[in-house]
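Descriptive structure summary
Spelled out from the first residue to the last, the chains are:
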Amino acid sequence: MITAPSGGASRPTAGALRLTEARTENPVSVDVDGYLAGLYEHCPFLRPSTSRGMTGWTVYDIAPGSHRYAVEAELFHAGVQAAEWVRPLMGRPFGVLACENVVLRGHCEDADHRELMAWPHWALKHLYAPVGVMFGKFPQGTVETGRRGQRIPPPPFSFLPVRAGVRPLDPQFLETTPDLAAALAVSADDGRDVFEHIPCEWKAVREWASSLPRPAKR
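A brief structural summary. Worth saying up front: this structure is predicted, and the values here are computed from it rather than measured. (Residues numbered from 1 in each chain as written. Predicted model: local features only at pLDDT ≥ 70, side-chain atom pairs only at ≥ 80, totals over all residues. Heavy atoms only, no water.)

Quick word on empty space enclosed by the protein
Rule in force here: Each cavity reported here is a set of points on a 1 Å grid over the protein atoms alone in which a 1.4 Å probe fits but cannot get out, each pocket an open set with protein on both sides within 12 Å along at least five of seven lines, and each lining residue one with an atom within 4 Å of a point. Grid points are joined across faces, edges and corners, and a volume is the space filled by probe spheres set on the points. Nonpolar residues are Ala, Val, Leu, Ile, Met, Phe, Trp, Tyr, Cys and Pro. Charged residues are Asp, Glu, Lys and Arg, and all others, Gly as well, are polar.
In this structure the tally under the stated criterion is one cavity of 30 Å³ or more. Computed from the structure, the largest cavity encloses a volume of approximately 30 Å³. Forming the boundary of the largest cavity are Y35, F138, T142, E144, I152, P153 and P155. Classifying every residue of the lining of the largest cavity by side-chain character gives five nonpolar, one polar and one charged.

The following block contains the structure:
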């Protein structure tokens, strides 16, 4: 079970994800070492983050028989927990290196990992961009190229990275969502409750997220 944010109501979907490995810098349920080594040349912040113990991993397995909506809800709240872990670190020395990763494993009855991560990722990055938290989305096996055309190693497992935003750099990665890029460019964490104007229950969050402007076509 994943705990709801402060003030959040209990959720009937609790239990769709099972905690396999609580936050750790060195997980044993997934092999991160080789994957990270291949990413160092693509992300200048990653090596100093791992060397300072500021990259954490939390691993969840989809409970047998779980369906899409329930897994989405649990994954969203796991992302909230990761973001709330990162927020107080951002104001400390080397806070820009803070990064938490939510790993998703297992099979869902009616959606693959790419589909399961889509709505939670979309909602989370819009909720947290104004306070300077950046979300990514990496389904297992995804092949991508960098901005200079270089091949990025495909992830051996699915995960959502949650990290401190880098205001001079990150807005350029959000060119298809200009409103989001603008919010991140002027972001500041004033300690606000990101759920101040929206209920934290997944149904309400998903409805709100579906009303946001869709990414522009490149």
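A look at the pairing of strand β2 (residues 55–62)
Both faces of the sheet carry side chains from a regular strand, because those side chains alternate between them. Note the following rule: Relative accessibility decides the category of a residue: with a 1.4 Å probe and only protein chains considered, values under 20% of the type maximum give buried, values over 50% give exposed, and everything between is partly exposed. Numbered from the N terminus, helices here are DSSP runs of H or I no shorter than four residues, and strands are runs of E no shorter than two. Strand pairing is assigned whenever DSSP detects at least two bridges linking the two strands. Viewed with both strands pointing away, a crossover whose connecting path from the first strand over the helix to the second turns clockwise is right-handed.
By the criterion of burial, β2 is predominantly enclosed, with eight of the eight residues buried. Burial along β2 is two-sided: T55, W57, V59 and D61 and G56, T58, Y60 and I62, pointing in opposite directions, are all buried. Bridge count between strand β1 (residues 17–24) and β2: five bridges; the pairing is antiparallel. From the neighbouring strand, E21 faces β2, where its bridge partner is V59. Direction of pairing for β2 relative to strand β3 (residues 99–105): parallel, over a ladder of seven bridges. By the bridge assignment for β3, W57 is matched with N101. After leaving β2, the chain enters helix α3 (residues 68–90) and then returns to the sheet as β3, a path that is right-handed.

Regarding the pattern of salt bridges
Selection rule: The salt bridge definition used is simple: a Lys or Arg side-chain nitrogen within 4 Å of an Asp or Glu carboxyl oxygen.
Counted by the stated rule, this structure contains seven salt bridges. Three or more residues joined by partner-sharing salt bridges are found here, namely R68, E72 and R206.

Let's talk about the nonpolar core
Rule in force here: Put simply, a nonpolar core is a bunch of buried Ala, Val, Leu, Ile, Met, Phe, Trp, Tyr and Cys residues held in one set by side-chain atoms that sit within 4.5 Å of each other. Note on definitions: a residue-residue contact is assigned when non-hydrogen atoms from the two residues lie within 4.5 Å.
Counting residues in hydrophobic clusters, the biggest one holds 38 residues, and the most contacted among them are F76, Y128 and F195. Mapped by element, the contributors of at least two residues to this core are β2, α3, β3, α4 (113–128), β4 (133–135), β7 (158–164) and α6 (202–210). Broken down by element, this core gets its largest block of residues, nine residues, from α3. If we skip the residues at most four places from it in the chain, Y128 touches V80, A83, E84, R87, V133, F135, V194 and F195. If you look at the next biggest cluster of nonpolar residues, it comprises twelve residues, including V30, Y35, L36 and L39.

Comments concerning the side chain of S158
Among the secondary structure elements, S158 is positioned in strand β7. Note on S158: relative accessible area 1%, which makes it buried. Aside from chain neighbours lying at most four places away, what touches S158 is V102, V103, L104, H113, M117, F138, P139 and Q140.

Some words on the sheet that holds β7
Short version of the rule: For helices, the fitted line uses only the C-alpha atoms of the stretch in contact; every axis is such a line through C-alpha atoms, and the angle between N-to-C directions lies from 0 to 180 degrees.
Strand order in the open sheet formed by five strands is β1-β2-β3-β7-β4, and the pairing between neighbours is mixed. Taken across any chain shown, the strands that pair with only one partner, and hence form the sheet edges, are β1 and β4. Geometrically, the sheet is characterised by an average inter-axis angle of 15 degrees between neighbouring strands, direction not taken into account.

Regarding α6
Spelled out, the test is: Comment: arc refers to directions from the helix axis out to C-beta atoms.
Regarding α6, the residues found buried are W202, V205 and A209. Take α6 and look down its axis: the buried residues cluster within an arc of 65 degrees, on one side only. For α6, the elements touching its buried residues are α3 and α4.

Examining the side chain of E72
For clarity, the threshold we go by: N or O atoms within 3.5 Å of each other form a polar contact, as long as, within protein, one can give a hydrogen and the other can take it, and as long as residues adjacent in sequence are counted only when both atoms are side-chain atoms.
Within the element layout of this structure, E72 appears in helix α3. Within the local environment of E72, its side chain forms a polar contact with the side chain of W202, the two groups lying 3.4 Å apart.

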